[in-house]
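The lines below spell out each chain.
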Amino acid sequence: MGMRGYKTELDLNNEQITACKKHAGCARFAYNWGLSRKQAARQAGERMPSARDLHKELNTLKATEFPWMYEVSKCAPQEALINLDEAFKHFFRKVGRKKAGQLRGKPGYPQYKSRKKGFGSFRLTGSIHLFEKSIQLPRLGVLRLKECGYLPIGVKVAQATVSEHAGRWYVSIQVDDKQSSAEPACGPVIGVDLGVKTLATISDGRAIVNPKAMRARLKKLRRLSRWHARTQKGSANRKQAQQKLARLHARIAHIRKDALHQATTSLVAKNKPQVERPAVIGVEDLNVSGLLANRKVARAIADVGLSEFRRQLTYKAEQAGVVLHVVSRWEPSSKTCSGCGWYKSDLKLSDRLFHCAACGLVMDRDANAARNLALLAYLELCSTASYAGIHASGQERSGWLGTVSETILDEGGTEPGTDGSVHVCPSFG
Ligand SMILES: [Zn+2]
């Protein structure tokens, strides 16, 4: 299939940060040093030295002129010089296209890398190992990851790039898709209701709450916006308020994305055994733009980042062999009783609890919706061949839907449909 990139934040201690800064600094130095060497050769009308030539030369200089280079992996300068070769190749290709009249812009001559633009990045090759909560890199050792279970485990990785952005350090790797494609999951069927107050409610009883850090900052955001609104246009105060607002927005966006990554990763449970990974996840096809038209809910909805949630869930489910079933937004998942299928036509957005007038079920509104989504996803699964395979192999399914499915099948195989057939199951709930 090709390569898939992963980028995730590192959780470094001070010593490791220093080591990373040294590596990045060394890579930048080698790049700039190589660039001057190449330029000098070009001006003298000589052949430009290649990355290999330069690396050799740099190695001999290391002992005398740059002894500090011994403190970092030899990969850092070596890979930087390879990058420089690539930059020149790119440049000459563009010059060729320019001559042929195929390029309008500038060919982009390789530039010196400035520390002012951040610490930059460096690439390491060699023995790289991925674990659930960490990554092991040459010379730097085991580095903790902010997000557990995101990187694929047990695959070969040839190289890793460590980079810094706004005070945070990241690692990116490339993994062959073929290696990482998982066995199809055959665990329970779950439904996930994406919410505003609660980030996600899951049919098996779990709930993923919004991070505390975000809630606190949302309060602060309201306060800051009020202050901003009171300042006069063009004033120094307004400028200051704008800067503070922008920083806070960036911070909230970051926390939110982090929380979404953690939620989606835990939902697909990629690193768990086949039987514990959910076979199907049912989610609602929320019309986000439609909801945004309602200004009251708009800010909150935007905060939860529903579309980002779906985007992450889609690719992570695919990697974990989990089927994502998107339930049409016309399926009344929040208005239907997950116990008996009774339809509550007058459910308001403000009703936090679902009261069923038919069977007496009282349940959290989101939990009820999540259970309906799971059932709809389950019924969909019944009608596909893949489910027959799972069932025939006699693998146990856990969770409340496991028992539900048995009931349906024992009753002589009720024909599953998709038209609100929530009622087919009397013991549901
Ligand atoms: Zn009911």
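Residues numbered from 1 in each chain as written. Predicted model: local features only at pLDDT ≥ 70, side-chain atom pairs only at ≥ 80, totals over all residues. Heavy atoms only, no water.

Q: Please clarify how the overall build of the protein chain should be interpreted in this entry.
A: From N to C terminus, the protein chain includes 12 helices and 14 strands. Across the 429 residues in the protein chain, those meeting the buried criterion constitute 44%. The long-range share in the protein chain, meaning contacts at least 24 apart out of those at least 6 apart in sequence, stands at 67%. (Helix = DSSP H or I, 4+ residues; strand = E, 2+ residues; numbered from the N terminus. Buried < 20%, exposed > 50% of the residue type's maximum accessible area, 1.4 Å probe, protein only. Contact = heavy atoms within 4.5 Å.)

Q: Would you take a moment to explain the sheet that holds strand β11 (residues 280-284) for this structure?
A: What the five strands build is an open sheet, ordered β10-β9-β8-β11-β12; its pairing is mixed. In this open sheet, the two strands that pair with only one neighbour each are β10 (207-209) and β12 (323-327). Shown here is a sheet whose adjacent strand axes are inclined to one another by a mean of 20 degrees, direction ignored. Relative to strand β9 (residues 198-202), strand β8 (residues 189-194) runs antiparallel, the two sharing three bridges. Across the sheet, Leu-194 pairs through a bridge with Ala-200, a residue of β9. Against the sheet, helix α6 (residues 236-268) touches β8, β9, β10 and β11, its axis set at about 5 degrees to β9. Set on the sheet, helix α10 (residues 365-382) makes contact with β8, β9, β11 and β12; between it and β8 the angle comes to about 135 degrees. (Pairing = 2+ DSSP bridges. Axes fitted to C-alpha atoms, helices over the stretch in contact; angles between N-to-C directions.)

Q: What is the right way to look at the environment of Ser-307 in this model?
A: For Ser-307, the location among the structural elements is in helix α9 (residues 306-319). We classify Ser-307 as exposed; its relative accessible area is 53%. The spacing of Ser-307 and Asp-285 is 22 residues in sequence and 9.8 Å in space, taken between C-alpha atoms.

Q: I would appreciate a short explanation of the packing of aromatic side chains in the present structure.
A: In this description, a pair of aromatic rings is defined by centroid distance and the angle of the planes. This model, assessed by the stated rule, comprises eight aromatic pairs. A centroid spacing of 5.3 Å and a plane angle of 55 degrees characterise the contact between Phe-91 and Phe-92, whose relative ring orientation is tilted. With relative accessibility at 9%, the residue Phe-91 sits in the buried group. Across the ring face of Tyr-31, the terminal group of Lys-113 is positioned such that the distance to the ring centre comes to 4.5 Å. (Phe/Tyr/Trp six-rings, centres within 6.5 Å; stacked < 30°, edge-to-face > 60°. Lys NZ or Arg CZ within 6 Å of the ring centre and 35° of its normal.)

Q: When you look at the pattern of salt bridges in this model, what are you seeing that I'm missing?
A: For side chains bearing opposite charge, pairing can occur when the charged atoms are close. Summed over all chains, the structure comprises 13 salt bridges. Note that Asp-11 and Arg-144 form a salt bridge whose closest N and O atoms lie 2.8 Å from each other. Taken as a pair, Asp-11 in strand β1 (residues 3-11) and Arg-144 in strand β5 (residues 141-145) lie far apart in primary sequence, 133 residues in all. Its relative accessible area of 53% is what places Arg-144 among the exposed residues. In this structure, Asp-204 engages Arg-206 in a salt bridge whose closest nitrogen and oxygen atoms are separated by 3.2 Å. Owing to a relative accessible area of 35%, Asp-204 belongs among the partly exposed residues under this scheme. Judged by relative accessible area, which is 37%, Arg-206 ranks as partly exposed. Members of the salt-bridge network, linked through shared partners, are Glu-9, Lys-146 and Arg-168. (Salt bridge = Lys/Arg side-chain N within 4 Å of Asp/Glu carboxyl O.)

Q: What's the story with the coordination of the zinc ion in this structure? I'm lost.
A: Each donor-metal-donor angle would ideally measure 109.5 degrees in four-coordinate tetrahedral geometry, or 90 or 180 degrees in six-coordinate octahedral geometry. Every protein donor of the zinc ion is accounted for by Cys-337 (SG), Cys-340 (SG), Cys-356 (SG) and Cys-359 (SG), and the metal-donor separations fall at 2.2 to 2.3 Å. One can describe the donor arrangement at the zinc ion as tetrahedral, given that its four donor atoms subtend angles of 103 to 114 degrees at the metal. Site description for the zinc ion: donor spacing in sequence, C-x2-C-x15-C-x2-C. Here Cys-340 is found in the loop between β12 and β13 (353-355), whereas its partner Cys-356 is found in the loop between β13 and β14 (362-364), with 16 residues between them in sequence. Cys-340 sits in the partly exposed class, given a relative accessible area of 29%. (Donors = N, O, S within 2.8 Å, 3.2 Å for Na, K, Ca; no water. Tetrahedral: all angles 85-135°; square planar, octahedral: opposite > 155°, others 65-115°.)

Q: I keep staring at the side chain of Asp-85 and nothing clicks. Help me out?
A: Looking at where Asp-85 falls in the secondary structure, it is placed in helix α3 (residues 75-99). Here Lys-38 takes part through its side chain, which lies 2.6 Å from a polar atom of the side chain of Asp-85. Residues in contact with Asp-85, not counting those within four places in the same chain, are Lys-38, Ser-50 and Ala-51. (Polar contact = N/O pair within 3.5 Å; in protein donor to acceptor, adjacent residues only side chain to side chain.)

Q: I would appreciate a short explanation of the nonpolar core in the present structure.
A: Note that soluble globular proteins tend to have their nonpolar side chains buried in a common cluster. Core analysis: the biggest nonpolar cluster contains 46 residues, and Leu-10, Phe-122, Ile-135, Leu-137, Trp-169 and Ile-173 have the highest contact counts within it. The element best represented in this core is helix α1 (residues 14-43), accounting for eight residues. When neighbours within four sequence positions are excluded, Phe-122 is seen to be in contact with Cys-20, His-23, Ala-24, Ala-27, Ala-76, Leu-140, Ala-160, Thr-161, Val-162 and Trp-169. Counting 21 residues, the second-largest nonpolar core is a separate cluster that includes Ala-185, Leu-306, Ala-320 and Val-322. (Core = buried A, V, L, I, M, F, W, Y, C linked by side-chain atoms within 4.5 Å.)

Q: Would you mind showing me how to read the side chain of Arg-123 here?
A: Among the secondary structure elements, Arg-123 is positioned in strand β2 (residues 121-125). Within the structure, Arg-123 has its side chain in polar contact with the side chain of Glu-79 (distance 2.7 Å). Within the local environment of Arg-123, its side chain forms a polar contact with the side chain of Asn-83, the two groups lying 2.9 Å apart. Leave out the neighbours within four places in its chain, and Arg-123 touches Cys-75, Ala-76, Glu-79, Ile-82, Asn-83, Gln-159, Ala-160 and Thr-161.

Q: Which parts of the structure should I look at to understand the sheet that holds β1?
A: Sheet strands pair via backbone hydrogen bonds, and the direction of the pair is either parallel or antiparallel. Sheet architecture is open: seven strands sit in the order β2-β6-β7-β1-β5-β4-β3, paired in antiparallel fashion. The open sheet has two free edges, formed respectively by β2 and β3 (129-130), since each of these has just one partner strand. Pairing geometry for strand β4 (residues 134-137) and β5, over four bridges, is antiparallel. Across the sheet, Leu-137 pairs through a bridge with Gly-141, a residue of β5. Against the sheet, α1 contacts β1, β2, β5, β6 (159-165) and β7 (168-176), and its axis sits at roughly 95 degrees relative to β2.

Fair warning: the whole summary comes from geometry, so function is off the table for now.
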